[in-house]
Amino acid sequence: MNEIGVGIIGTGFMGQAHALAYRAVAGVFPDILRPRLVAVADLHAEAARKAAARFGFEKISPDWQQLVQDPSLSIVSITTPNFSHREMALAAIAAGKHVHCEKPIAVSAADAKIMVEAAEAAGVVTQVGFNYLKNPLIKMAREMIASGELGEIFSFRGIHAEDFMADPNIPYSWRLDPNCGAGALADIGSHIISMARFLLGPIAEVNADLETVHKLRPAALGSSETRAVEVNDIARLNVAFKRGCHGSIEANWVATGRTMQLGFEIAGSQGALVFTQERFNELLYYKAGGNRRHTGFQRLEAGPEHDPYGLFCRAPGHQLGFNDLKTIEVADFLKAIAGGPAAGPDFREAWEIQKVIDTAVASSQERAWLVVS
Ligand code: NAD
């Protein structure tokens, strides 16, 4: 089996998720390129050292610039804050590496465009970390919609709500820096926008209202000094899909009590689907037209029939976990590098998602419906 060298930049939440996925993937997916964890880099040498020891990286690169030049690796995985994605990705592409980048791809559609053009000109494979699309039940939902099982789609109600910024004493960090992206809209809203596009296709127009709930936050943990917050805590979007139906999308990181409410309700003339990432091994399905005494939402359970669930576990109902979605994402990336079909989402799709984000920001400023161009 062919091996492929991987370098990971960043060792935080996503750095760990990527390292686990690259370690697991060859054990789960047969006949796939076998990743070798060659190098890791982090701003903090101690964090890189710990990650190397924990995940078995062969070496620690003193910085990301040296990592992307390393001839013994062919994949660069970028798991650092959003503002750094562009520079790192462009350097990795210039060095001929395939790039796996965390979402959102960049801080603006203009930056994303540059990244897409560079990757496509270099002919490298790209993958962006919209891992929730890798859920086999989401793939089935898409197939049900595409095959007409739900009939004509009337509406989409989507949300990504968490509460990790609900406490006003959470200090200022890169997620609140406007140079790092459009607040909750970019950070978690990008996930539900990616989901909406995956299920129903392009979003043509947006009318958005962005709100900053906590306008001041401690400048640092425990500090009495405060810093003004300019990015949104809640984004509410009305959207018009190119296919004709309308819908709503909310991104909210001050949603007290919610830890992972990435969800949607899709209603069509023949049926409806309801999903939440909080119970992501289930999909609620309503089939219209039955005997009213016996109808209602049916709970569909993930199992081996929902490819690739069976590669992780032979028994239905035992459930996939978050890191399994990342492993599926890495498998899709490796298959594309080996010449198979590109399942994405790639840089080009992430650019489309970024366009929706930028349009929503402009719409909120102008208080108007705007075309996603
Ligand atoms: P984090 O703060 O936990 O980790 C970031 C890491 O990057 C840290 O280890 C930091 O030291 C390192 N870093 C920063 N600048 C660096 C540089 N110049 N060189 C080397 N290392 C550097 O952040 P996180 O939560 O892992 O988020 C990172 C990225 O992942 C963001 O783009 C975020 O939006 C995305 N993310 C995606 C998901 C998902 O579900 N796909 C979930 C959370 C975060």
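Here, every reference points to the structure presented above.
So, here's what we can say about the structure. Worth saying up front: this structure is predicted, and the values here are computed from it rather than measured. (Residues numbered from 1 in each chain as written. Predicted model: local features only at pLDDT ≥ 70, side-chain atom pairs only at ≥ 80, totals over all residues. Heavy atoms only, no water.)

### Section: the overall build of the chain
A count of helical and extended segments in the chain gives eleven helices and 17 strands. Rg of the C-alpha trace for the chain: 21 Å, near the compact-globule value of 21 Å for 373 residues, within the 12% margin. Each principal axis of the C-alpha distribution contributes one length, and for the chain these read about 65 × 55 × 40 Å. Residue burial in the chain is summarised as follows: out of 373 residues, 54% are buried. A fraction of 70% describes how many contacts in the chain between residues 6 or more apart in sequence connect residues 24 or more apart. For the chain, the exposed surface amounts to about 16,300 Å²; the carbon and sulfur share of it is 50%. (Helix = DSSP H or I, 4+ residues; strand = E, 2+ residues; numbered from the N terminus. Rg over C-alpha atoms; globule rule 2.2 N^0.38 Å. Buried < 20%, exposed > 50% of the residue type's maximum accessible area, 1.4 Å probe, protein only. Contact = heavy atoms within 4.5 Å. Areas by Shrake-Rupley, 256 points an atom, 1.4 Å probe, with all protein chains shown as cover.)

### Some words on the pairing of strand 4 (residues 75-78)
Of the two faces of strand 4, the one lined by Ile-75 and Ser-77 and the one lined by Val-76 and Ile-78 are each fully buried. Sheet analysis places strand 1 (residues 3-9) next to strand 4, joined by four bridges and oriented parallel. Counterpart to Gly-7 in the pairing with strand 4 is Val-76. In the sheet, strand 4 pairs with strand 5 (residues 98-101) via four bridges, with the strands oriented parallel. Its bridge partner being in strand 5, Ser-77 is matched across the sheet by His-100. Handedness of the β-α-β unit built from strand 4, helix 4 (residues 85-94) and strand 5 comes out right-handed. (Pairing = 2+ DSSP bridges. Right-handed = clockwise from strand over helix to strand, strands pointing away.)

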